[in-house]
Amino acid sequence: MAAAHRARHLNQSRQVALKVIRSELAGIVGNDRFAREIRLAARLQHPHICSVYDSGATPDGQLWYTMPFVAGESLRDRVKREG
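Below you will find a few notes about this structure. (Residues numbered from 1 in each chain as written. Predicted model: local features only at pLDDT ≥ 70, side-chain atom pairs only at ≥ 80, totals over all residues. Heavy atoms only, no water.)

## Some details on the environment of His-9
We apply this condition: Starting at the N terminus, helices and strands are each numbered in turn, a helix being any DSSP run of H or I of at least four residues and a strand any DSSP run of E of at least two. Exposure classes here rest on a 1.4 Å probe applied to the protein chains alone. A residue is buried below 20% of its type maximum, exposed above 50%, and partly exposed in between.
One can find His-9 in strand E1 (residues 2–9). Residue His-9 is classed as buried on the basis of its relative accessible area, which comes to 14%. Separated by 45 residues in sequence, His-9 and Asp-54 have C-alpha atoms that sit 9.8 Å apart.

## A look at the pattern of salt bridges
In a structure, side chains of opposite charge can pair up when their charged atoms sit close to one another. Keep this limit in mind: A side-chain nitrogen of Lys or Arg and a carboxyl oxygen of Asp or Glu constitute a salt bridge if their distance falls within 4 Å.
Using the criterion set out here, one finds four salt bridges in the structure. In this structure, Arg-33 engages Glu-37 in a salt bridge whose closest nitrogen and oxygen atoms are separated by 2.7 Å. You can see Arg-33 and its partner Glu-37 sitting in helix H1 (residues 23–43), four residues apart, about one turn around the helix. What makes Glu-37 partly exposed here is its relative accessible area of 39%.

## Section: the sheet that holds strand E2 (residues 14–21)
Cut-off, in case you're wondering: In this scheme, strands are said to pair when DSSP sees at least two bridges between them. Note on definitions: angles span 0 to 180 degrees between N-to-C directions of axes, and those axes are lines fitted to C-alpha atoms, for helices only across the stretch in contact. Whether two residues are in contact is decided by their heavy atoms: any pair within 4.5 Å suffices.
Strand order in the open sheet formed by four strands is E1-E2-E4-E3, with antiparallel pairing between adjacent strands. In this open sheet, the two strands that pair with only one neighbour each are E1 and strand E3 (54–57). When strand polarity is set aside, the average angle formed by the axes of neighbouring strands in this sheet is 25°. Across the sheet, H1 touches E2, E3 and strand E4 (63–68), and the angle it forms with E4 is around 55°.

## Focus on the pairing of E3
Sheet topology places E3 next to E4; four bridges connect them, and they run antiparallel. When the bridges of E4 are listed, Ser-55 appears paired with Tyr-65. Count of turn residues in the E3/E4 antiparallel hairpin: five residues, of which Gly-61 carries a positive phi of about 90°.

Shown next, in the form of structure tokens:
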């Protein structure tokens, strides 16, 4: 669904996970649906769910959002290790 990058939020001076929605998915989803889903996700509060910090679109329509960066192994690495 998205490419995840470790980044630093310049205004808040903290590490975040920056997720950029793949172009083919962004074209299907569209800006309105993306904004609606981000607003819904931002309202979720649970110890096992990361909250959404910020979201938007670049001038060329690339959709993105940020959330807390959680250090640790990737799901891919864990599946390889544990099966």
